[in-house]
Amino acid sequence: MNMEKLNLTQEWDKVFPKSDKVDHKKVTFHNRYGITLAADMYTPKGAEGKLPAIAVSGPFGAVKEQSSGLYAQKMAELGFLTIAFDPSYTGESSGTPRYVASPDINTEDFCAAVDFLSVQENVDPERIGIIGICGWGGMAINAAAIDTRIKATAAMTMYDMTRVTANGYFDAEDSEQARFEKKKAMNAQRIEDYKSGSYALAGGVVDPLPEDAPQFVKDYYAYYKTPRGYHPRSLNSNGGWNVTSSLSFLNMPILQYSNEIRSAVLLVHGEKAHSRYFSETVYSKLTGDNKELLMIPGANHTDLYDQMDIIPFEKLNVFFTEYLR
């Protein structure tokens, strides 16, 4: 992939078109682990007074110039001040070693985004919500379970990364022995990494694409490995996460207290998505009358990354308008 083909420039480095209805600028903030997070801020043009605000991140292995930025820009068009941020250790955010994922730190990234939004002069700190996409949908639910400042959470085409890591897809590897073999392999990799002084990467989306690849892998390829969604800073478009990142996900389920979330939650998933069981399981645990599961007919997992005629932005507008009053 070359930058010219993708039409990425220093002025506008996103994979989606720039909107003339919002103002855009790059900002940074820090989390409580001392990591500086990079974000794009989108503000409705001509907005006055204190606005409701939304922080957006995901998908897992993506950067803010991809899906999360698209969501943030669109929600800003609808009247919200938004930020799309790169999680710790990825994209333009700081943190070393690079390409590490953590169920704790990545949940904290959302809470840190709330810190940042809460002190902006043009934001009402009592009207802050979050949107998590794919693996960051699970992180968003986890953040909602711990952060009482979050008034509304939307999880789009969500993954529970701890469940899929520990149990495999569709829970097909949910056994002590299968987990033992994964731990054994990753702990052996720790030694190799320590010897070499660098961290082996797990690889992004498979390339070239095998003819017999499952449909959902073909869907990932169609987003991350083509001009539709490719970005040079995206892990999934390139070398992927550190192999040993998965260790903490094996041992630390993130949705333990999702049943105690009191704020509003909207789960959105594609009817044809291989991952829909993650949202269905979470929804079965949620309590209260401010929780909803919306299934999009005919949609697959990655349709909710960037397909503007499929992503239910009007529903998101109604949801956040209601709960960020």
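Residues numbered from 1 in each chain as written. Predicted model: local features only at pLDDT ≥ 70, side-chain atom pairs only at ≥ 80, totals over all residues. Heavy atoms only, no water.

**Details of the overall build of the protein**
Put simply, the test is: Each helix is a run of DSSP H or I of at least 4 residues and each strand a run of E of at least 2, with the numbering of both proceeding from the N terminus. The globule rule is 2.2 Å times the number of residues to the power 0.38, and the radius of gyration it is compared with is taken over C-alpha atoms. Note on classification: 1.4 Å probe, protein chains only; a residue is buried when its accessible area is under 20% of the maximum for its type, exposed when over 50%, partly exposed between these limits. Residue contacts follow a heavy-atom distance rule, with two residues in contact if any of their heavy atoms lie within 4.5 Å.
A count of helical and extended segments in the protein gives 11 helices and 8 strands. Rg of the C-alpha trace for the protein: 19 Å, near the compact-globule value of 20 Å for 325 residues, within the 12% margin. With respect to the three principal axes, the spread of C-alpha positions in the protein is 55 × 50 × 40 Å. Within the protein, buried positions represent 56% of all 325 residues. Contacts in the protein between residues at least 24 apart in sequence constitute 73% of all its contacts with a sequence separation of at least 6.

**Structural notes on the side chain of glutamine 73**
When you line up the elements, glutamine 73 lands in helix α2 (residues 67-77). Excluding anything up to four places from it in sequence, glutamine 73 contacts Trp12, Phe16, Pro17, Lys18, Ser19, Val22, Tyr42 and Thr82.

**Brief notes about the sheet that holds strand β3 (residues 51-57)**
Quick reminder of the rule: Pairs of strands are assigned from DSSP output, requiring at least two bridges between the strands. The axes are straight lines fitted to the C-alpha atoms, using for helices just the contacting stretch, and the angles between their N-to-C directions are given from 0 to 180°.
Strand order in the open sheet formed by 8 strands is β1-β2-β4-β3-β5-β6-β7-β8, and the pairing between neighbours is mixed. The sheet terminates laterally at β1 (22-30) and β8 (291-296), the two strands that pair on one side only. Neighbour-to-neighbour, the strand axes of the sheet open up by a mean angle of 20°, direction not taken into account. Where strand β6 (residues 150-156) meets strand β7 (residues 264-270), 5 bridges bridge the pair, whose relative direction is parallel. Among the inter-strand pairings, alanine 155 is bridged to a residue of β7, identified as leucine 267. Of the strands in this sheet, β7 and β8 touch helix α9 (residues 276-285), which is tilted by about 160° from β8. This element, helix α11 (residues 313-323), spans β3, β5 (123-133), β6, β7 and β8 of the sheet and lies at about 165° to β6.

**Thoughts on the packing of α2 against α11**
When two helices pack together, their arrangement is captured by the angle between the axes and the distance separating the axes. Spelled out, the test is: Rotating anticlockwise by less than a right angle from the far helix to the near helix defines a left-handed crossing, while the corresponding clockwise rotation defines a right-handed one. Classification used: nonpolar for Ala, Val, Leu, Ile, Met, Phe, Trp, Tyr, Cys and Pro, charged for Asp, Glu, Lys and Arg, polar for all others including Gly.
Interaxial distance between α2 and α11 falls to 11 Å at its minimum, and their mutual angle equals 65°. Helix-helix and strand crossings are classified by hand; for α2 and α11 the assignment is right-handed. Contacts between α2 and α11 involve Tyr71, Lys74 and Met75 on the former and, on the latter, Phe313, Leu316, Asn317 and Phe320. Class assignment for the residues of the contact of α2 with α11 results in 5 nonpolar, 1 polar and 1 charged.

**Overview of the nonpolar core**
Basically, it comes down to this: In plain words, nonpolar cores are sets of buried Ala, Val, Leu, Ile, Met, Phe, Trp, Tyr and Cys residues tied together by side-chain atoms within 4.5 Å.
If you look at the biggest cluster of nonpolar residues, it comprises 91 residues, and the most contacted ones within it are Tyr71, Ile131 and Phe320. Looking at this core, the element that brings in the most residues is helix α3 (residues 103-118), giving 8 residues.

**A word on the side chain of aspartate 147**
Residue placement: aspartate 147 occurs in the loop between α4 (135-146) and β6. Look past the residues within four positions of aspartate 147 in its chain and what remains in contact with it is Cys111 and Val114.

**Digging into the layout of surface pockets**
Put simply, the test is: Here a cavity is any set of points on a 1 Å grid over the protein atoms alone where a 1.4 Å probe fits but cannot get out, and a pocket is any open set with protein on both sides within 12 Å along at least 5 of 7 lines; a residue lines the site when it has an atom within 4 Å of a point. Grid points are joined across faces, edges and corners, and a volume is the space filled by probe spheres set on the points.
Approximately 830 Å³ is the volume found for the largest pocket. Around the largest pocket, the lining comprises 29 residues; the ones closest to its centre are Phe60, Met161, Tyr169, Gly203 and Trp241. It is helix α7 (residues 215-224) that provides the largest number of residues to the lining of the largest pocket, a total of 4 residues. In the lining of the largest pocket, the residues fall into 19 nonpolar, 8 polar and 2 charged. As a volume, the second largest pocket reaches approximately 360 Å³. Every residue lining the second largest pocket is counted, 14 residues in all, and those nearest its centre are Arg190, Tyr199, Thr244, Ser245 and Leu247.

**As for the pairing of β8**
Under the convention used in this document: By the criterion used throughout, a crossover qualifies as right-handed when its path from the first strand across the helix to the second strand runs clockwise, the strands pointing away from the viewer.
The pairing of β7 with β8 spans 6 bridges and is classified as parallel. In the sheet register, glycine 270 faces β8, and the bridge partner there is isoleucine 296. Handedness of the β7-α9-β8 crossover: right-handed.

**Regarding the packing of aromatic side chains**
Here is the rule: For Phe, Tyr and Trp, rings pair up if their centres lie within 6.5 Å, where Trp contributes its six-membered ring, and each pair is then called stacked (planes under 30 degrees apart), edge-to-face (over 60) or tilted (otherwise).
According to the stated counting rule, one finds 23 aromatic pairs in the structure shown. Centroid distance phenylalanine 80 to phenylalanine 320: 6.3 Å. Interplanar angle 70°. Geometry classified as edge-to-face. Of the two residues, phenylalanine 80 sits in the loop between α2 and β4 (81-85) while phenylalanine 320 sits in helix α11, which places them 240 residues apart along the sequence. The two residues phenylalanine 80 and phenylalanine 320 agree in class, both being buried.

**Considering unusual backbone geometry**
Geometrically, the link from glycine 58 to proline 59 is a cis peptide bond, its omega value of -5° lying close to zero. Mapped onto the elements, proline 59 comes out in the loop between β3 and α2. Cis peptide bonds are those with omega within 30 degrees of zero, and the linkage from aspartate 207 to proline 208 qualifies with 5°. Take proline 208: it is sitting in the loop between α6 (176-196) and α7. Positive phi, close to 65°, is recorded for tyrosine 99, a residue that is not glycine. Relative to the helices and strands, tyrosine 99 resides in the loop between β4 and α3.

Nothing here speaks to function; it is geometry throughout.
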